[in-house]
Amino acid sequence: MPEHDEVDRIVGAWERERPDLDFAPMQVLSRVGRLSRHLDRARRAAFTASELESWEFDVLSALRRAGDPYQLSPKALLQQTLVSSGTMTNRIDRLVQRGLVTRRTDPNDGRGILVSMTAQGQARVDAAISELMQAERAILGHLAPAEQERLAGLLRKLSLDFD
């Protein structure tokens with residue numbers, strides 16, 4: 001007999017109460033929503049273990065992905081983190097105060113600014129991403145590698161219209 005989860009119970013109750021509706025979308029999207037909440041908890045735990053807030057991780061991970069020398073302009077950081085200019089300025093200021101990034105004038109453009117990750121920032125983001133990958137592997141642990149690839153492909157196909 002197949003296993004049932006909380007979404008099966010919820011959908012079953014709705015189908016009983018509203019047999020006139022097709023609840024197929026709920027079968028998928030309610031599970032995605034519930035998994036998203038589990039992922040949020042795992043991320044918060046990984047970031048907390050590395051003494052980072054989620055927004056700090058977002059900025060530091062953008063810098064880390066940029067590669068050595070781990071620096072980007074505030075505009076590039078805006079594009080990667082999808083926040084407003086004022087929010088990014090505030091975030092950079094707070095990261096500078098914590099010693100996780102530095103800010104300097106761009107030597108190639110005297111009007112431009114470059115944000116660079118410090119060694120402490122790199123250590124924190126590296127620890128956080130290691131913790132996060134361990135937690136995400138645990139979340140996906142019941143799926144075989146081929147199932148994970150198939151799921152990733154289906155979710156990619158679904159998300160293309162939103163990216």
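The following paragraphs examine the structure supplied in this document. Residue numbers run consecutively from 1 along every chain, following the written order of its sequence. Residues qualify for local features only when their pLDDT is at least 70, as the model is predicted, and side-chain atom pairs are given and counted only at 80 or more; totals for whole chains, interfaces and linings, by contrast, use all residues. Side-chain measures were taken over the full set of non-hydrogen atoms in the model, leaving aside hydrogen atoms and water.

**A closer look at unusual backbone geometry**
Inference 1: Omega for the bond connecting aspartate 68 with proline 69 falls within 30 degrees of zero, at 20 degrees, which places this linkage in the cis form.
Inference 2: Inspection of the secondary structure assignment puts proline 69 in the loop between α3 (54–65) and β1 (71–72).
Inference 3: At glutamate 51, a position not held by glycine, the phi torsion is positive, near 55 degrees.
Inference 4: The helix count covers DSSP runs of H or I at least four residues long, the strand count covers runs of E at least two residues long, and both are numbered beginning at the N terminus. Residue position: glutamate 51 is located in the loop between α2 (24–49) and α3.
Inference 5: Judged by relative accessible area, which is 52%, glutamate 51 ranks as exposed. For the exposure calls, accessible area comes from a 1.4 Å probe over protein chains only, and a residue counts as buried if that area is under 20% of its type's maximum, exposed if over 50%, partly exposed in between.

**With respect to the nonpolar core**
Inference 1: Here the nonpolar core consists of buried residues drawn from Ala, Val, Leu, Ile, Met, Phe, Trp, Tyr and Cys, with membership extended through side-chain atoms lying within 4.5 Å. Core analysis: the largest hydrophobic core is formed by 23 residues, its most contacted members being Phe47, Leu52, Phe57, Leu60, Leu63 and Leu77.
Inference 2: Taken together, the elements giving at least two residues each to this core come down to α2, α3, α4 (74–81), α5 (85–97), β3 (109–117) and α6 (119–139).
Inference 3: Tallying contributions element by element places α3 first for this core, with 6 residues.
Inference 4: Here, two residues are considered to be in contact whenever any of their heavy atoms come within 4.5 Å of each other. Look past the residues within four positions of phenylalanine 47 in its chain and what remains in contact with it is Leu52, Ser54, Phe57, Ala128 and Leu132.

**Points about the packing of α3 against α5**
Inference 1: Between N-to-C directions, angles cover 0 to 180 degrees, with each direction set by a line fitted to C-alpha atoms, over the stretch in contact for helices. With their axes 11 Å apart at the nearest point, α3 and α5 run at an angle of 90 degrees to one another. The angle between α3 and α5 falls in the class roughly perpendicular. Taken together, the residues of α5 that come into contact with α3 (itself represented by Trp55, Glu56 and Val59) are Met88, Arg91, Arg94 and Leu95.
Inference 2: Here the contact of α3 with α5 is built from residues that sort into 4 nonpolar, no polar and 3 charged. What sets the label is the angle itself: under 35 degrees gives roughly parallel, over 145 gives roughly antiparallel, 65 to 115 gives roughly perpendicular, and the rest give oblique. Throughout, the ten residues Ala, Val, Leu, Ile, Met, Phe, Trp, Tyr, Cys and Pro are labelled nonpolar, Asp, Glu, Lys and Arg are labelled charged, and all others, Gly among them, are labelled polar.

**Things to note about the pairing of β3**
Inference 1: One requirement defines pairing of two strands: DSSP has to find at least two bridges between them. As judged from the 2 bridges shared by β1 and β3, these two strands associate in the antiparallel manner. Counted as the bridge partner of glutamine 71 is serine 116 from β3.
Inference 2: Taken together, strand β2 (residues 101–106) and the strand that follows it, β3, pair antiparallel across an intervening segment of 2 residues.

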